[in-house]
Amino acid sequence: MPDPSEKINGWLSDVATSFMTWTFVGATWGAFNPYPVPNSKQALAKTFVPLPPLSSLRSIGFYAGLAGSVAAVQRFAAGGMAVARDRRDVWNELIGLGAVYGYGKYVFKTEKRMSWNNRAVASIVVGSIVYANTAP
């Protein structure tokens, strides 16, 4: 039987790996997405003009934060259930899906909440990098 700390370390590394992977996917989507970010100059224009690829650094960070945070919430909830129940099955993933539904319902309600979500994600990333480079 594995040590409980190994299970928790595996769970948290799964959360971190999913977060980094989906942050990269979100950033790639943001780089090539033709739709402008909400409240940007292009979004407030009267007519829709698709954005050229790699035209907005703001959309890269916007979609990276959203995709990464959704993936982290799902893996955190599903992995937490797996550690608590000491088994990995589809029920854990359904709990993770429910957590993402609740998270999305709350965060995606207003653009202000989405921007605060991305600020929190950026703060966590910067704090993690600082901690990783300064911890003994």
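Residues numbered from 1 in each chain as written. Predicted model: local features only at pLDDT ≥ 70, side-chain atom pairs only at ≥ 80, totals over all residues. Heavy atoms only, no water.

## What to know about the nonpolar core
- Counting seven residues, the largest nonpolar core is built from Val37, Phe62, Tyr63, Leu66, Tyr103, Val107 and Met114.
- Listed by contribution, the elements that provide at least two residues to this core are helix H2 (57–85) and helix H3 (90–107).
- It is H2 that provides the largest number of residues to this core, a total of three residues.
- What Leu66 contacts, discounting residues up to four positions off in sequence, is Phe108, Asn117 and Asn118. (Core = buried A, V, L, I, M, F, W, Y, C linked by side-chain atoms within 4.5 Å. Buried < 20%, exposed > 50% of the residue type's maximum accessible area, 1.4 Å probe, protein only. Helix = DSSP H or I, 4+ residues; strand = E, 2+ residues; numbered from the N terminus. Contact = heavy atoms within 4.5 Å.)

## Notes on H2
- An ideal rise of 1.5 Å per residue puts 42 Å on 29 residues; H2 measures up with 42 Å between its terminal C-alpha atoms.
- Of the residues one or two after H2, Asp86 is the one with positive phi, at around 60 degrees. (Expected span 1.5 Å × (residues − 1).)

## Quick look at H3
- Taking 1.5 Å per residue, 18 residues should reach 26 Å; H3 reaches 25 Å between its end C-alpha atoms and fits that length.
- Those residues of H3 that fall on the buried side of the exposure criterion are Asn92, Gly96, Val100, Tyr103, Gly104 and Val107. Viewed end-on, H3 has its buried residues packed into an arc of 110 degrees, placing them on one side of the element. Across H3 from its buried face, at more than 90 degrees, point the exposed residues Val90, Trp91, Leu97, Tyr101, Lys105 and Tyr106.
- Along its buried surface, H3 packs onto H2 and helix H4 (111–134). (Arc of directions from axis to C-beta.)

## Quick look at the pattern of salt bridges
- Enumeration according to the criterion identifies four salt bridges in this entry.
- A salt bridge links Asp86 to Lys7; the nearest nitrogen and oxygen atoms lie 2.4 Å apart. Of this pair, Asp86 sits in the loop between H2 and H3 while Lys7 sits in helix H1 (residues 4–32), and the two are 79 residues apart along the sequence.
- One salt bridge connects Asp89 with Arg85, and the closest N-O pair in it is separated by 2.9 Å. (Salt bridge = Lys/Arg side-chain N within 4 Å of Asp/Glu carboxyl O.)

## Considering the side chain of Gln74
- Within the secondary structure, Gln74 is located in helix H2.
- Among the polar contacts listed, one links the side chain of Gln74 to the side chain of Arg75, at a separation of 3.2 Å.
- Of the polar contacts made by the side chain of Gln74, one reaches the side chain of Glu93; its length is 3.0 Å.
- Setting aside chain neighbours within four positions, we find Gln74 in contact with Glu93, Gly96, Leu97 and Val100. (Polar contact = N/O pair within 3.5 Å; in protein donor to acceptor, adjacent residues only side chain to side chain.)

## Quick look at the packing of aromatic side chains
- The full count for this structure, using the stated rule, is two aromatic pairs.
- Between Phe62 and Tyr63, the aromatic rings sit 5.1 Å apart at their centres with planes inclined by 85 degrees, giving edge-to-face as the arrangement. Summarising the burial analysis for this pair, Phe62 and Tyr63 share the class buried.
- Sitting over the face of the ring of Tyr106, Arg113 holds its NZ or CZ atom 4.1 Å from the ring centroid.
- Positioned above the aromatic ring of Trp116, the side-chain terminus of Arg119 is 4.7 Å from the ring centre. (Phe/Tyr/Trp six-rings, centres within 6.5 Å; stacked < 30°, edge-to-face > 60°. Lys NZ or Arg CZ within 6 Å of the ring centre and 35° of its normal.)

## Quick word on the environment of Gly68
- Note on placement: Gly68 falls in helix H2.
- By relative accessible area, Gly68 is classed as buried at 0%.
- In this view, Gly68 contacts Phe19, Trp22 and Thr23; residues no more than four positions away in its chain are not counted.

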